[in-house]
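Here is what each chain is made of, one letter per residue.
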2 protein chains.
Amino acid sequence: MGLKGNALFAQSGGPTAVINSSISGAIQEAAKHKDITAMYGSINGILGVLNENMIDLNKESKRNIELLRVTPSSALGSSRHKLKNEEDFEKLLKVLQAHDIRYFFVAGGNDSMDTANKVHKLAVAKKYELRVMGLPKTVDNDLAVTDHCPGYGSVSRWLAMAVRDAGLDTEAIYTSDTIKVVETMGRNAGWITASTALARLKEKDAPHIVLLPEVPFNQDKFLSALDKVYKKLGYAVITCCEGLKDEKGEYLTSSKRSIDTDKFGHKQLGGVGETLVSIIADNMKIKARCDKPGTIQRVSGMAQSKVDQEEAFISGAMAVKHGIEGKSGMMVTLVRDSENPYKCSTGLSDLDNIANKERKVPAEFISADGMYVTDKFLQYVTPLIGGPLPEYARLEKNFIAKKLTK
Amino acid sequence: MGLKGNALFAQSGGPTAVINSSISGAIQEAAKHKDITAMYGSINGILGVLNENMIDLNKESKRNIELLRVTPSSALGSSRHKLKNEEDFEKLLKVLQAHDIRYFFVAGGNDSMDTANKVHKLAVAKKYELRVMGLPKTVDNDLAVTDHCPGYGSVSRWLAMAVRDAGLDTEAIYTSDTIKVVETMGRNAGWITASTALARLKEKDAPHIVLLPEVPFNQDKFLSALDKVYKKLGYAVITCCEGLKDEKGEYLTSSKRSIDTDKFGHKQLGGVGETLVSIIADNMKIKARCDKPGTIQRVSGMAQSKVDQEEAFISGAMAVKHGIEGKSGMMVTLVRDSENPYKCSTGLSDLDNIANKERKVPAEFISADGMYVTDKFLQYVTPLIGGPLPEYARLEKNFIAKKLTK
């Protein structure tokens, strides 16, 4: 209590639709506390600290800070830099000391929480009084402890709408493009892909098959399931995770296309959708189409979830409140208090419980055949997208009597 | 005048965000005219007529018909079927006669207008009194005569938002993913790709390079332009048309990847973005990323343009009015009456002027270097997206003085 000094805000990892809302909440809360003298923003995450690239947030207009609430992407810039050695840490501490930074707020995923944790431990070891608080952030929804993560609700809403629309497109034009594959983000955890099931309001709606990285891809099972849907409806929509692996643990894409290995030998994910298109063409002799919205899904302002945006804002504000109270080395979590009606509050967890941990989609959320999600998952994800999808017409289609055809 | 009978409505070609709005306008107008006795919808375009698969639109609720106004995709189902032979035409005429269809309204692109024109000419030749009217429809914006086409404003708004967001994503995270390629639809005409320039509100905004199929792709020029942007900003966003061809007239994608030729020998478009990623990796040793939203862009209800939706509705209603007046073998066109303020009315054109014609992006809309659009194009496209893009925060970024770094 009663620690006077400056506050530093940083954003880290992949941008999302609401990470700016988290920062907006944190900045607006910090402005209320007189212990916090100046407010700085680190440009490009931890790199901004190392390079002393920091901006004065007090010089931003109130309107700009408020507008952050609805602005996607990371307004302070992000990075994926990992602190490497003793030298990095020493530099970091020096910068914090030189600028009298006593509060350090980091919005990020599990890598970023590891960095925040290390900074916290360094400050403790060096007896530099510093309060480090994590703001949860990831479209991947793979942070441990928290019920869900800011960013996930919006990517889910976006994909629900996109897959619903792409599904209606396939249904309408199925005389020429009968199978569609939509490739979603997600390296090891299938939360994002799973959320596409929200698009399915009726049985014939897309998606019909959902392929998660938690389930090793089996080509025969896949083709047999696809064939069943296809024979029934005359069209089919598959959503698949970019991180899909086969039963040997190899990424589906890297085993198929040399283009996905770059000059440095890195296997680039993304391409699973085209691989499936190829498998479908080879085996079913059907030309499928692949939509791969890529980064657009994670960052889009087009379908921000109001619930997600609000929870992001509150988690940012709570991180500051807890910092002022004297907490450090912790992350704000989201706690689901009740399911129906959906109610959510915030909690706290030691960064040790979160840093570098990865929460995959649990078995109870995956259907028995491994190619769809369960109702329990739909219950979990539905409130996060902030209200139902927009209402569309579906014609009743009362056919008139044929006069010529027997 | 005074032709009593039934009306048939059909949708054809690729679905769009507003083709249902056109049909809603047409149906609501038709309901006002007592010469039109019953209203039928053909299921899957011209195939529905051939197969007598028609529904009774009078049995749809008013609410459902009104809701079509905001519902993307083709609610009646679409097709890409081409009428092949005399037999097809005879069957068609028989169905029209059997069901006393005297008004035939077809929403579609240049292929569909060709079909409509043929039906009109057949009826004239066979002395069957029939009024055939075309409702303009195509995201490709490549219909002749009309200033623009319903469907184009919405895909433009969607892409403007998507590319803006993907650009902010690239700008934020440029420490790891520095170059992004967004692949858009468009086989021979670059209108869709060109509209991505709407995303660029400031010089550093995406897109930085826009590659249209009207300009043969030259790898050296492209790499040199990209290098310039990249050196200046540290990141870059390219938008490219799926129908991009090299200077020999070969599709860029088909020359690079065998996967794009299917078992039937068809060259599948789509894949240009990944080809560019590969060219960038090979020459600049930089790992780029490709977003390929595919069909999501053309059909999405997420960013419907209000102007587009309204013009679609009106063009549908006008088609019916002109049919009632006695017109046949014509398509409703959109006429830009004034630029500032933007005003648009409808006109009429013979289907002969439109069927099978393709309007490419004219030279005056393409920048001198062939890798961007002109201000004149931006003036043309801006009113079609129905209002400015949502306001986002952009931090002023007043840097604080460094204390440690010399």
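Because the structure is a prediction, the values reported are computed rather than measured.

1. What about the overall build of chain A?
Tallying secondary structure elements over chain A gives twelve helices and eleven strands in all. Here chain A has a C-alpha radius of gyration of 23 Å; the compact-globule value for 406 residues is 22 Å, and the two agree. Across its three principal directions, the C-alpha atoms of chain A cover 85 × 45 × 35 Å. Among the 406 residues that make up chain A, the fraction classed as buried is 66%. Across chain A, contacts joining residues at least 24 apart in sequence account for 76% of those joining residues at least 6 apart. Accessible surface, chain A as shown: approximately 14900 Å² in total, 50% of it carbon and sulfur. Distance between charge centroids for chain A: 3 Å, based on 55 positive and 50 negative side chains.

2. A look at the layout of surface pockets
Estimates place the volume of the second largest pocket at around 1100 Å³. Secondary-structure elements contributing two or more residues to the lining of the second largest pocket are β1 (5-11), β4 (101-108), α5 (110-125), β6 (179-184) and α10 (295-299) of chain A together with β9 (288-291) of chain B. The biggest single contributor to the lining of the second largest pocket is α5 of chain A, with five residues. Classifying every residue of the lining of the second largest pocket gives ten nonpolar, 22 polar and 18 charged.

3. Observations concerning the nonpolar core
Of all hydrophobic cores here, the largest spans 68 residues; its most connected members are W158 and F377 of chain A together with Y152, W158 and F377 of chain B. Counting only elements with at least two residues in this core, the list comes to α6 (152-172), α7 (191-195) and α12 (375-381) of chain A together with α6 (152-172), α7 (191-195) and α12 (375-381) of chain B. Discounting residues that sit within four places of it in the chain, W158 of chain B has contacts with W158, I296 and M302 of chain A together with P293, I296, Q297, S300, M302 and A303 of chain B.

4. Side note on the sheet that holds strand β7 (residues 209-211) of chain A
Residues and elements named next belong to chain A. Ordered by their spatial adjacency, four strands build an open sheet running β7-β8-β6-β9, and the pairing between neighbours is parallel. The open sheet has two free edges, formed respectively by β7 and β9 (288-291), since each of these has just one partner strand. Direction aside, the axes of adjacent strands within the sheet are offset by 20° on average. The sheet contact formed by β6 and strand β8 (residues 236-241) spans six bridges and is parallel. Bridge assignment links E183 to a residue of β8, and that residue is C240. Running at roughly 165° to β6, α6 makes contact with β6, β8 and β9 of the sheet. Together, β6, β7, β8 and β9 form the strand contacts of helix α9 (residues 272-284), whose direction differs from that of β6 by roughly 155°.

5. Considering the domain arrangement of chain A
Residues and elements named next belong to chain A. Split by domain assignment, chain A resolves into domain 1 (5-138 + 304-353) and domain 2 (152-301 + 362-385). Between domain 1 and domain 2 the total buried area reaches about 1200 Å² when both faces are included, carbon and sulfur atoms providing 49% of it. Between domain 1 and domain 2 we count zero salt bridges in total. Taken together, the links from domain 1 to domain 2 amount to five residue pairs in polar contact (both at pLDDT 80 or more). Those elements that provide at least two residues to the side of domain 1 that touches domain 2 are α11 (306-325) and β10 (330-339). Here the side of domain 1 that touches domain 2 is composed, by residue class, of six nonpolar, six polar and four charged.

6. Some thoughts on the relation of the copies chain B and chain A
The operation relating the two chain copies consists of a rotation about an axis and a shift along that axis. Overlaying chain B on chain A yields an RMSD of 0.0 Å, the required transformation being a rotation through 180° with an accompanying axial translation of 0.0 Å. On this basis, the relationship between the two copies can be described by a two-fold rotation axis. Closest to the rotation axis within chain B is the C-alpha of P293 of chain B, separated from it by 2.0 Å. Mapped onto chain A, 99% of the interface residues of chain B are again interface residues, and the two copies thus contact each other with one and the same surface.

7. Some thoughts on the packing of helix α4 (residues 86-98) of chain A against α5 of chain A
How two helices sit against one another is set out by the angle between their axes and by the gap between those axes. Residue and element names in this part refer to chain A. Look at α4 against α5: their axes get within 11 Å of each other, and the N-to-C directions meet at 75°. Taken together, the axes of α4 and α5 lie roughly perpendicular to each other. Each of F89, L92, L93 and L96 in α4 lies in contact with α5, whose residues at this interface are K118, V119 and L122. Along the lines of polarity and charge, the residues of the contact of α4 with α5 split into six nonpolar, no polar and one charged.

8. Focus: the sheet that holds strand β8 (residues 236-241) of chain B
Residues and elements named next belong to chain B. Spatial ordering of the open sheet is given by β7-β8-β6-β9, a layout of four strands whose pairing is parallel. Each end of this open sheet is capped by a strand with a single partner; those strands are β7 (209-211) and β9. Recorded for the sheet is a direction-independent mean angle of 20° between the axes of neighbouring strands. The sheet contacts of α6 involve β6 (179-184), β8 and β9, and relative to β6 the element is tilted by about 165°. Sheet strands in contact with helix α9 (residues 272-284) are β6, β7, β8 and β9, and its direction is about 155° off that of β6.

Definitions and cut-offs
Residues numbered from 1 in each chain as written. Chains lettered and ligands numbered in written order. Predicted model: local features only at pLDDT ≥ 70, side-chain atom pairs only at ≥ 80, totals over all residues. Heavy atoms only, no water. Helix = DSSP H or I, 4+ residues; strand = E, 2+ residues; numbered from the N terminus. Rg over C-alpha atoms; globule rule 2.2 N^0.38 Å. Buried < 20%, exposed > 50% of the residue type's maximum accessible area, 1.4 Å probe, protein only. Contact = heavy atoms within 4.5 Å. Areas by Shrake-Rupley, 256 points an atom, 1.4 Å probe, with all protein chains shown as cover. Lys, Arg positive; Asp, Glu negative; His and termini not counted. Charge placed at Lys NZ, Arg CZ, Asp CG, Glu CD. 1 Å grid on protein atoms, 1.4 Å probe; cavity = no way out; pocket = protein on both sides within 12 Å on 5 of 7 lines; lining within 4 Å. Points joined across faces, edges and corners; volume = space filled by probe spheres on them. Nonpolar A, V, L, I, M, F, W, Y, C, P; charged D, E, K, R; others polar. Core = buried A, V, L, I, M, F, W, Y, C linked by side-chain atoms within 4.5 Å. Pairing = 2+ DSSP bridges. Axes fitted to C-alpha atoms, helices over the stretch in contact; angles between N-to-C directions. Domains from an automatic or database assignment. Buried area = accessible area lost by both parts, 1.4 Å probe. Salt bridge = Lys/Arg side-chain N within 4 Å of Asp/Glu carboxyl O. Polar contact = N/O pair within 3.5 Å; in protein donor to acceptor, adjacent residues only side chain to side chain. Least-squares fit on C-alpha atoms with pLDDT ≥ 70 in both. Parallel < 35°, antiparallel > 145°, perpendicular 65-115°, else oblique.

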